Amino acid sequence: MKIKAAVMTGVGRPLEIQAVDLAPPKANEVLVKVEATGVCHSDLNALNDSTTPTPTILGHEGAGIVVEVGPNVTNVQVGDKVALNWVPYCGRCEFCVTGAVHLCESAFGPMFNGTLLDGTSRLSKDDNIIFHYSLLSTFAEYTVVPEMSCVKLPDEMPMAQASLIGCGVATGYGAAVNAAKVTPGSTVAVFGIGGVGVNAIQGARIAGAAKIIACDVKPANLEIAKKFGATHTVNVAKDNVEEALKELTGGFGVHFAIDCSGHTEATENAWKGTRKGGTVVVVGAFNPHKVLSLPAGGFHRVGKILRGSFYGDVQPFRDFPTIARLYLDGRFMLDELILNRLKLEEINQAFDAFHDCNCINVGRSIIEMPVKTDTQTMDDCEGFEFVS
Ligand SMILES: [Zn+2]
Ligand SMILES: [Zn+2]
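Residues numbered from 1 in each chain as written. Chains lettered and ligands numbered in written order. Predicted model: local features only at pLDDT ≥ 70, side-chain atom pairs only at ≥ 80, totals over all residues. Heavy atoms only, no water.

S.K.: Would you mind going over the coordination of the zinc ion (ligand 1) in detail, with residue names and values included?
M.R.: For the zinc ion (ligand 1), the protein coordination sphere consists of Cys40 (SG), His60 (NE2), Glu61 (OE) and Cys167 (SG), at 2.1 to 2.4 Å. Because the angles between the four donor atoms bound to the zinc ion (ligand 1) fall within 85 to 137 degrees, the donor set is best described as irregular. The sequence motif formed by the donor residues of the zinc ion (ligand 1) is C-x19-H-E-x105-C. Note that Glu61 is positioned in strand E4 (residues 61–69) and Cys167 in helix H4 (residues 159–180), a separation of 106 residues in sequence. Residue Glu61 is classed as buried on the basis of its relative accessible area of 1%. (Donors = N, O, S within 2.8 Å, 3.2 Å for Na, K, Ca; no water. Tetrahedral: all angles 85-135°; square planar, octahedral: opposite > 155°, others 65-115°. Helix = DSSP H or I, 4+ residues; strand = E, 2+ residues; numbered from the N terminus. Buried < 20%, exposed > 50% of the residue type's maximum accessible area, 1.4 Å probe, protein only.)

In structure tokens form, the structure reads like this:
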């Protein structure tokens, strides 16, 4: 079928709206009508990365409707509303069989090669290959994705909000709930208030933390953190973080610290501000050339845990519907993460917004591609032929 998509043609170039060919789903694959997709910083990183195979269709935060299933698909049916997960797991490896599905590496080879799981692409233009991105390629009207990327959500879930769940929301929520395992009545410090940090705050709030202390260098981010559930704030640029955290916790330090900042200095502060027996979870990706330094004296006596968390230790088939249900019950804020709503043709505006340093960094521009009804004309997609 011919579809309209925003195509990355080269490093750093604006995306081009093109008519491209999408082949039908093969075994264990699903054709999804993308209804909403968020534009994430990782898409910008891929756009500026010379190792990204091009041409490609970016986009890895999406939600839509299942319109066709390939052979052997049992997980979803035509008509299901799904949020997409960019780390489909195999279910068979050592990590999967021990429950750590977020550590499954089976998708990474195809992901970096720009294909689907079988090593081939469903996307082309004039018989030339177009690569997939993160197995999802959601900057398009339709996409073919692995069955294991499709997580069914309740029918009443709105699509723009659903599209957010599969990346920063799940990572932040999971960092607090799955990785740190925040307990009721506990104290939690969250470092780095961005698209992941505010959701770590929400996860800590839902897990019942008594005090949630947002730590960031920007006063504006600290104000935003309060809207999502932070009870206290520490300005890392001005305050002594260790002292501030201890002062807020009866001199002990916090039970849990979650570092979403990607800065080793923040993790070092998080470690110092965490009490004996506490847990520090690192979600942000460090600069690989940096070295993390922790005080060696007394290390064995404090019994603290320092651990990384990839994708918030997410179990997509459990956590995505849970987050959707929390949203529908008014307990998880997703509306506030939608900064603006654009058409696919306006997608470069979302990328331009990343370069505007005044832009608030905690939400997403959402590209919406609602289903066309019978009464609508095809004027807005002239030149595109829909053959399904
Ligand atoms: Zn993302
Ligand atoms: Zn696996």
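S.K.: An account of the coordination of the zinc ion (ligand 2) is requested, with residue identities and associated values reported.
M.R.: Protein-derived coordination of the zinc ion (ligand 2) comes from Cys90 (SG), Cys93 (SG), Cys96 (SG) and Cys104 (SG), at a distance range of 2.3 to 2.4 Å. Each donor residue of the zinc ion (ligand 2) lies on the same chain, and together they follow the pattern C-x2-C-x2-C-x7-C.

S.K.: Which residues make up the sheet that holds strand E2 (residues 16–22), and what values go with them?
M.R.: If you trace the four strands from one edge of the open sheet to the other, you get E1-E2-E6-E7, paired in antiparallel fashion. With partners counted over all chains shown, the strands left at the sheet margins are strand E1 (2–7) and strand E7 (128–130), one partner each. Along the sheet, successive strands turn relative to each other by an average axial angle of 50 degrees, direction set aside. Pairing between strand E6 (residues 123–125) and E7: three bridges, direction antiparallel. Across the sheet, residue Leu123 finds its bridge partner in E7, namely Ile130. (Pairing = 2+ DSSP bridges. Axes fitted to C-alpha atoms, helices over the stretch in contact; angles between N-to-C directions.)

S.K.: Provide a residue-level description of the domain arrangement of the protein chain, including the pertinent values.
M.R.: If you check the domain split of the protein chain, you get domain 1 (2–152 + 334–381) and domain 2 (172–310). On a C-alpha basis, the centroid separation for the pair domain 1 and domain 2 is 31 Å. On the side of domain 2, eight residues touch domain 1, which itself brings nine residues to the contact. Interface of domain 1 and domain 2: buried area, both sides summed, is about 770 Å²; carbon and sulfur atoms make up 72% of it. Scanning the region where domain 1 abuts domain 2 turns up zero residue pairs in polar contact (both at pLDDT 80 or more). (Domains from an automatic or database assignment. Contact = heavy atoms within 4.5 Å. Buried area = accessible area lost by both parts, 1.4 Å probe. Polar contact = N/O pair within 3.5 Å; in protein donor to acceptor, adjacent residues only side chain to side chain.)

S.K.: Give me the packing of H4 against helix H10 (residues 316–328): which residues, what numbers.
M.R.: For the pair H4 and H10, the least separation of the axes is 9 Å and the interaxial angle reads 105 degrees. As judged from the angle between their axes, H4 and H10 are roughly perpendicular. The residues of H10 that touch H4, namely those facing Gln161, Ile165, Gly166, Val169, Ala170, Tyr173 and Asn178, are Arg318, Asp319, Phe320, Thr322, Ile323, Ala324, Leu326 and Tyr327. In the contact of H4 with H10, the residues fall into nine nonpolar, four polar and two charged. (Parallel < 35°, antiparallel > 145°, perpendicular 65-115°, else oblique. Nonpolar A, V, L, I, M, F, W, Y, C, P; charged D, E, K, R; others polar.)

S.K.: Break down the side chain of Thr115 for me, with residues and values.
M.R.: Summarising the element assignment, Thr115 is placed in the loop between helix H3 (108–113) and E6. The exposure class of Thr115 is buried, given its relative accessible area of 7%. In this structure Thr115 touches Pro110, Thr120, His132 and Leu135, once residues within four positions along its chain are discounted.

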